[in-house]
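In case you want the letters, here they are:
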Amino acid sequence: SGDDVAYAPFSDILRRRPYTPDALPIKIPYHGIGSHSTLHLNDRVFQEYIHLLGTHSLSSEIPLVLSWMLALNINPSRKTLSYALVYWYEVTVDAPLIGALRGEGKTEYIKLLRWMNDVVGYSPHDAEVGRAMREVERMRTGKRVAEMY
């Protein structure tokens, strides 16, 4: 059931929508060595989670995931931030006319990039985002990007 001890931390978070920093960190009950599987949250785990969200049309959750990382004192790597930006771009890109009406610097992509610089303290370089973009394309198609063009 949803109120099972194993699910309790997650159901508590779901009840606290909208998500706030005080809803984290998640405290998972500890029942002794070897009694439960463990999950060591780190940058790589969150990077994989971002891939999972991106490939299942849930990229809109990526800013929340980045906030979780910071709330859990996990510093995202530039690679993780690169993947986040690639998937985020896909759901926030506007038609040229809409972009022109909004004005420069007002897109959701630019807002996330500024947030990374202000809150995380850094953001990936263009070359790193380019590598992440090619890697995402390779994962989706199974081909190297150079073979596609």
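Note that the structure is predicted; figures quoted are calculated from it, not measured.

Draft legend 1. Region of the structure containing the overall build of the protein chain. Counting its secondary structure elements, the protein chain contains 8 helices and 0 strands. Scanning the protein chain from its N terminus toward the C terminus, one meets helices and strands in the order α-α-α-α-α-α-α-α. Every one of the 149 residues in the protein chain was classed for burial, and the buried ones make up 28%. Accessible surface computed for the protein chain: about 10100 Å², of which carbon and sulfur atoms make up 56%.

Draft legend 2. Quick peek at the packing of helix α3 (residues 62-71) against helix α6 (residues 108-120). The contact between α3 and α6 brings their axes to 12 Å, and the two run at 5 degrees. Overall, the two elements α3 and α6 adopt an arrangement that is roughly parallel. Listed contacts from α6 to P63, L66, S67 and L70 of α3 are L112, W115, M116, V119 and V120. Considering only residue class, the contact of α3 with α6 consists of 8 nonpolar, 1 polar and no charged.

Draft legend 3. Examining the pattern of salt bridges more closely. Within this structure, the stated rule accounts for 4 salt bridges. Notably, a salt bridge pairs K111 with E108, separated by 3.2 Å at the nearest N-O pair. On the criterion of helical spacing, the pair formed by K111 and E108 is a turn pair, its members being 3 residues apart in helix α6. Its relative accessible area of 44% is what places K111 among the partly exposed residues. With a relative accessible area of 33%, E108 lands in the partly exposed category. Ionic pairing is found between E135 and R138, a salt bridge with its closest N-O pair at 2.6 Å. In this pair, E135 and R138 are both assigned in helix α7 (residues 126-141), 3 residues apart and thus about one turn of the helix distant.

Draft legend 4. Spotlight on the side chain of S123. Locating S123 in the fold gives a position in the loop between α6 and α7. In this structure S123 comes out as buried when scored by relative accessible area, which is 13%. Within the local environment of S123, its side chain forms a polar contact with the side chain of N117, the two groups lying 3.1 Å apart. Leave out the neighbours within four places in its chain, and S123 touches R78, L81, L113, M116 and N117.

Draft legend 5. Quick look at α7. Over its 16 residues, α7 runs 23 Å from end to end, which matches the ideal 22 Å to within 8%, given 1.5 Å per residue. Within the span of α7, buried status applies to E128, V129, G130, A132 and V136. Taken together, the buried residues of α7 touch α2 (43-55), α4 (78-92) and α6.

Draft legend 6. Spotlight on the side chain of D43. Looking at the secondary structure, you find D43 in helix α2. Of the polar contacts made by the side chain of D43, one reaches the side chain of S77; its length is 2.9 Å. Dropping the residues within four chain positions of it, D43 is found in contact with M69, I74, N75, P76, S77 and T80.

Draft legend 7. Region of the structure containing the packing of aromatic side chains. Scanning all chains against the criterion turns up 2 aromatic pairs. With centroids separated by 6.4 Å and ring planes inclined at 10 degrees, the aromatic side chains of Y49 and W68 adopt a geometry described as stacked. Of this pair, Y49 sits in helix α2 while W68 sits in helix α3, and the two are 19 residues apart along the sequence. Given a relative accessible area of 30%, Y49 falls into the partly exposed group. Note on Y89 and Y109: the rings are 5.6 Å apart at their centroids and 85 degrees apart in plane angle, and the pair reads as edge-to-face. Of the two residues, Y89 sits in helix α4 while Y109 sits in helix α6, which places them 20 residues apart along the sequence.

Criteria and thresholds
Residues numbered from 1 in each chain as written. Predicted model: local features only at pLDDT ≥ 70, side-chain atom pairs only at ≥ 80, totals over all residues. Heavy atoms only, no water. Helix = DSSP H or I, 4+ residues; strand = E, 2+ residues; numbered from the N terminus. Buried < 20%, exposed > 50% of the residue type's maximum accessible area, 1.4 Å probe, protein only. Areas by Shrake-Rupley, 256 points an atom, 1.4 Å probe, with all protein chains shown as cover. Axes fitted to C-alpha atoms, helices over the stretch in contact; angles between N-to-C directions. Parallel < 35°, antiparallel > 145°, perpendicular 65-115°, else oblique. Contact = heavy atoms within 4.5 Å. Nonpolar A, V, L, I, M, F, W, Y, C, P; charged D, E, K, R; others polar. Salt bridge = Lys/Arg side-chain N within 4 Å of Asp/Glu carboxyl O. Polar contact = N/O pair within 3.5 Å; in protein donor to acceptor, adjacent residues only side chain to side chain. Expected span 1.5 Å × (residues − 1). Phe/Tyr/Trp six-rings, centres within 6.5 Å; stacked < 30°, edge-to-face > 60°.

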